[in-house]
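Chain by chain, the residues:
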Amino acid sequence: MNVAAAIADRTAGFLERLGRAGLFLARGAWQIVAPPWRIYPIVKQIHFIGARSLLVIVVAGTFVGMVVALQFYDTLLRFGSVSLLGAAVGLSLMRELGPVLTALVVIGRAGSAICAEISIMRNEHQIDALECMAIDPYKHLIAPRLAAAIISVPLLTLIFITVGIAGGYFVGVILFDVSPGAYLGGMHDSVISRDFLMGGAKALVFGLLMIWIAMAKGFFLHLEPEGAHGSEGVSRVTTDAVVLSSIAVLFSDYILSAIIL
Amino acid sequence: MTAQSPQVVVDVRDLCSHYGDRQVLFDVNLQVHAGEILAIMGHSGCGKTTLFRHMLGLKTASSGQVSVLGRNLAGLNKTDLYALRQRIGVAFQNGALFSSLSVRENVELPLREHTSLDGNTIRIMTRMKLDFMRLTEFEHLMPAQLSGGMLKRAGLARAVIMDPQVLFFDEPSAGLDPVTSAELDQLILMLRKAMKMTIVIITHELQSVFAVADRIMVLDAGRPILIGTKEEVQASTDRRIVNMLNRRPPDEAFDADAYLEKLTRTRL
């Protein structure tokens, strides 16, 4: 009986949190399109989420492209198919590694910071202050970050894929003497519009999931089931946000792949 | 609109409030009249801040109602609530300034959000309020660079930037030295005189209360035990108020057996 009651309690709690997070997303999304429209807060957030993640994305993308090329070169060499190196690097970056690794990097760099910032605002009554000044926190805090993530993450993914392909080119063509024509031509012949669609759709969904979870965790700090307060509470929800959004990205990666393939 | 007297600016009727299963306010009734300064005081945890949140529409009542400027907060939709809040100023205990904005940007934020005034006019109005709070020379500093007293004054400047009819001020003196606290009390009195505001202060600082308040509400364990003038509070024979005025802890008969049982019952 106690076990059943505990399960029912937890289920009800989970559904309540899910519903609250769903409404949170809907309100934030509505405030992107609802007037008055303000571009500057979105640009400021694009700078934070996008521009300031650029260096780490370029470094990560280059090394991931290089290591993917290295691994594929070694494997393809065994089957005498080194000419497929460009196709293998391009497809793996575009369909899987680009969107997933970009999202994970952005979660670590920007998602955690956004969650911590919003939860501190909640903790220090800054969100209450916004409400009391008749300033909608969804318009002021949530909508700009949501719009910025939806714009930034696909662009960062594109950059990750581009530098990854360049990194693969360096390893394949410069270090292992694969023909440049075979590398680029193979990629050109094998990458089709569905691969672009898959990469683009994943980048968009991952960006949305990442920012949604990070913001909702911070915004509802005061409603955490075990209670969260002060620096310990901020630390806990930020860790939760990073873990949960990483899992959500990996889970939705499989779902999206299964749907599109 | 309720049919109440226009002189009553804040009207709390039979307010009960809960956090989960725990009741924190019990049938609170309170009327704040136009132009008066009312202080709500009591020990930590007596329900002052909860009452404050109800008066700001930040918490929903379990029963009873709260009206501000003649509008029942529970019956307002978001648009009406926000319209009402533009006529209300709120200064939070720690200032609740936005850490990414400078003092000036914090103070001018409501004007930028709610008016179509040009930048110069907003700057002049902001300077006036900062000057009133003696913060003009600190307008470019970030909140992290301010002292506790400055944070409260900056929060107060932001709260009055729209010239509100009612000002709610949470713990104006908390954490301040006596001199800074007295300065803030003077500012509150000047605000009332200059801007004809109705002011509600939440505090547990006796000196501050007697310096500024016209009337005082004393809360104890979520129940109002007295609402009256300073003289009425000082003349009260209620032991809880006498203890509070004499800065003594609340009376609790010590039962050694019950205490021992409580200790041994507690799971370690």
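Residues numbered from 1 in each chain as written. Chains lettered and ligands numbered in written order. Predicted model: local features only at pLDDT ≥ 70, side-chain atom pairs only at ≥ 80, totals over all residues. Heavy atoms only, no water.

Q: Sorry if this is basic, but what is going on with the overall build of chain A here?
A: For chain A, the helix and strand inventory stands at nine helices and zero strands. Ordered by position from the N terminus, the helices and strands of chain A form the series α-α-α-α-α-α-α-α-α. Each principal axis of the C-alpha atoms in chain A carries an extent, and together these give about 65 × 55 × 30 Å. Among the 261 residues that make up chain A, the fraction classed as buried is 49%. Residue pairs at least 24 apart in sequence account for 83% of intrachain contacts in chain A once pairs closer than 6 positions are excluded. (Helix = DSSP H or I, 4+ residues; strand = E, 2+ residues; numbered from the N terminus. Buried < 20%, exposed > 50% of the residue type's maximum accessible area, 1.4 Å probe, protein only. Contact = heavy atoms within 4.5 Å.)

Q: When you look at the interface of chain B and chain A in this model, what are you seeing that I'm missing?
A: Often, the extent of an interface is quoted as the loss of accessible area on bringing the components together. If you look at the interface, chain B gives 21 residues, while chain A gives 17 residues. Surface buried jointly by chain B and chain A totals about 1,700 Å² across both partners, of which 57% is contributed by carbon and sulfur atoms. The largest share of the area that chain B buries against chain A comes from Tyr82, Phe98 and Glu113 of chain B, three residues that together contribute 31% of it. Notably, a salt bridge pairs Asp128 of chain A with Arg53 of chain B, separated by 2.8 Å at the nearest N-O pair. At the boundary of chain B and chain A, one finds eight residue pairs in polar contact (both at pLDDT 80 or more). Mapped onto the side of chain B that touches chain A, the elements with two or more residues apiece are helix 2 (78-85), strand 6 (88-91) and helix 3 (103-114) of chain B. (Buried area = accessible area lost by both parts, 1.4 Å probe. Salt bridge = Lys/Arg side-chain N within 4 Å of Asp/Glu carboxyl O. Polar contact = N/O pair within 3.5 Å; in protein donor to acceptor, adjacent residues only side chain to side chain.)

Q: Which parts of the structure should I look at to understand the domain arrangement of chain B?
A: Residues and elements named next belong to chain B. Each assigned domain of chain B is listed with its residue range as follows: domain 1 (8-87 + 164-264) and domain 2 (98-163). Placing the centre of domain 1 and that of domain 2 at their C-alpha centroids yields a distance of 26 Å. Contact residues are listed per partner, giving 18 residues for domain 1 and 14 residues for domain 2. Both faces combined, the contact of domain 1 with domain 2 buries some 1,400 Å², and carbon together with sulfur accounts for 74% of it. (Domains from an automatic or database assignment.)

Q: Explain the sheet that holds strand 7 (residues 166-170) of chain B to me, please; I cannot follow it from the model alone.
A: Adjacent strands of a sheet pair through backbone hydrogen bonds, lying either parallel or antiparallel. All names here are of chain B. Taken in spatial order, the six strands make up an open sheet running 6-7-8-3-9-10, and their pairing is mixed. Bordering the open sheet on either side are strand 6 and strand 10 (223-229), each of which pairs with just one other strand. Adjacent strand axes in the sheet meet at a mean angle of 15 degrees, parallel and antiparallel pairs treated alike. Of the strand pairs in this sheet, strand 3 (residues 37-41) and strand 9 (residues 215-220) are connected by four bridges, and their pairing is parallel. Its bridge partner being in strand 9, Met41 is matched across the sheet by Val218. Of the strands in this sheet, strand 6 and strand 7 touch helix 5 (residues 148-160), which is tilted by about 170 degrees from strand 6. (Pairing = 2+ DSSP bridges. Axes fitted to C-alpha atoms, helices over the stretch in contact; angles between N-to-C directions.)

Q: Just to check I follow, could you spell out the pattern of salt bridges for this structure?
A: If the charged atoms of two oppositely charged side chains come close together, the side chains can form a pair. Residues and elements named next belong to chain B. Counted according to the given criterion, the structure contains 24 salt bridges over all chains. A salt bridge links Arg104 to Glu108, with the shortest nitrogen-to-oxygen separation between them at 3.2 Å. Of this pair, Arg104 and Glu108 are both found in helix 3, four residues apart, which corresponds to roughly one turn of the helix. The exposure class of Arg104 is buried, given its relative accessible area of 12%. With a shortest N-O distance of 2.9 Å, Arg112 and Glu108 are connected by a salt bridge.

Q: What exactly am I supposed to notice about helix 2 (residues 39-49) of chain A here?
A: Residues separated by three or four positions in an α-helix point in the same direction, a consequence of the helix having 3.6 residues per turn. Residue and element names in this part refer to chain A. Within helix 2 the residues assigned to the buried category are Ile42, Gln45, Phe48 and Ile49. End-on view of helix 2: buried residues confined to an arc of 120 degrees, all on one side of the axis. Exposed side chains of helix 2 directed beyond 90 degrees from the buried face belong to Ile39 and Tyr40. Here the buried face of helix 2 lies against helix 4 (85-123), helix 6 (137-175) and helix 8 (193-219). (Arc of directions from axis to C-beta.)

Q: Is there a simple way to explain the pairing of strand 10 of chain B in this structure?
A: It is a general feature of regular strands that their side chains alternate between the two faces of the sheet. Residue and element names in this part refer to chain B. Of the strand pairs in this sheet, strand 9 and strand 10 are connected by six bridges, and their pairing is antiparallel. Within the sheet, the bridge partner assigned to Met217 lies in strand 10 and is Ile227. Connecting strand 9 to the antiparallel partner strand 10 that follows it, the hairpin turn spans two residues, and Ala221 within it adopts a positive phi of roughly 50 degrees.

Q: So what exactly am I meant to see when it comes to the packing of helix 5 of chain B against helix 6 (residues 178-195) of chain B here?
A: Helix-helix packing is characterised by the crossing angle of the two axes and by the distance between the axes. All names here are of chain B. Contact geometry for helix 5 and helix 6: axes closest at 11 Å, N-to-C directions at 15 degrees. One finds that helix 5 runs roughly parallel with respect to helix 6. In terms of crossing hand, the pair formed by helix 5 and helix 6 is right-handed. Here Gly149, Lys152, Arg153, Leu156 and Val160 of helix 5 lie close against helix 6, whose contacting residues are Thr180, Glu183, Leu184, Leu187, Leu191 and Met195. Across the contact of helix 5 with helix 6, the residue classes break down as six nonpolar, two polar and three charged. (Parallel < 35°, antiparallel > 145°, perpendicular 65-115°, else oblique. Left-handed = near helix turned anticlockwise from the far one by under 90°. Nonpolar A, V, L, I, M, F, W, Y, C, P; charged D, E, K, R; others polar.)

Q: It is not clear to me how the packing of aromatic side chains should be interpreted in this structure. Could you clarify?
A: In this description, an aromatic ring pair is defined by two values, namely the gap between the centres and the angle between the planes. Tallied over the full model, the rule gives nine aromatic pairs over all chains. Relative to Phe219 of chain A, the ring of Tyr138 of chain A has its centre 5.3 Å away and its plane inclined at 50 degrees; by these criteria the two rings are tilted. Highlighted residues: Tyr138 of chain A in helix 6 and Phe219 of chain A in helix 8, separated in sequence by 81 residues. Of the two residues, Tyr138 of chain A and Phe219 of chain A, neither departs from the other in class, the shared state being buried. Each ring, one from Phe52 of chain B and one from Phe92 of chain B, has its centre 6.2 Å from the other, and the planes form 85 degrees; the classification is edge-to-face. (Phe/Tyr/Trp six-rings, centres within 6.5 Å; stacked < 30°, edge-to-face > 60°.)

Q: Would you mind showing me how to read the state of the cysteines here?
A: By definition, a disulfide links the sulfur atoms of two cysteines through a covalent bond. All names here are of chain B. If you walk through the whole model with that rule in mind, you get zero disulfides over all chains. Just so you know, Cys46 is unpaired, no disulfide at all, and the nearest cysteine sulfur is the one on Cys16, 16 Å from it. When its relative accessible area of 3% is taken as the criterion, Cys46 is described as buried. (Disulfide = S-S within 2.5 Å.)

Q: Looking at this structure, I do not really get the nonpolar core. What am I missing?
A: Nonpolar side chains in soluble globular proteins tend to be buried together. Phe24, Ile49, Ile142, Ile211, Met215 and Phe219 of chain A are the most contacted members of the largest nonpolar core, which has 58 residues in total. Examining the composition of this core, we find that 14 residues originate from one element, helix 4 of chain A, more than from any other. Apart from residues no more than four positions distant in its own chain, Ile211 of chain A is found in contact with Ile49, Ile114, Arg145, Leu146 and Ala149 of chain A. Leu15, Leu51, Phe168 and Leu219 of chain B belong to the second-largest nonpolar core, a separate cluster that totals 35 residues. (Core = buried A, V, L, I, M, F, W, Y, C linked by side-chain atoms within 4.5 Å.)

Q: Can you walk me through the environment of His229 of chain A in this structure?
A: Locating His229 of chain A in the fold gives a position in the loop between helix 8 and helix 9 (230-260). Residue class for His229 of chain A comes out exposed when judged on its relative accessible area of 62%.

Q: Is there a simple way to explain a nonpolar patch on the surface in this structure?
A: Residues and elements named next belong to chain A. On the surface, a cluster of nonpolar side chains totalling about 520 Å² of accessible area is made up of Val67, Leu70, Phe170, Ile174, Leu175 and Phe176. Residue assignment for the nonpolar patch shows that the elements contributing at least two residues are helix 3 (54-79) and helix 6. Tallying contributions element by element places helix 6 first for the nonpolar patch, with three residues. Structurally, Leu70 can be placed in helix 3. (Patch = residues over 30% accessible without salt bridge, like charges linked within 9 Å, V, L, I, M, F, W, Y side chains within 5 Å. Areas by Shrake-Rupley, 256 points an atom, 1.4 Å probe, with all protein chains shown as cover.)

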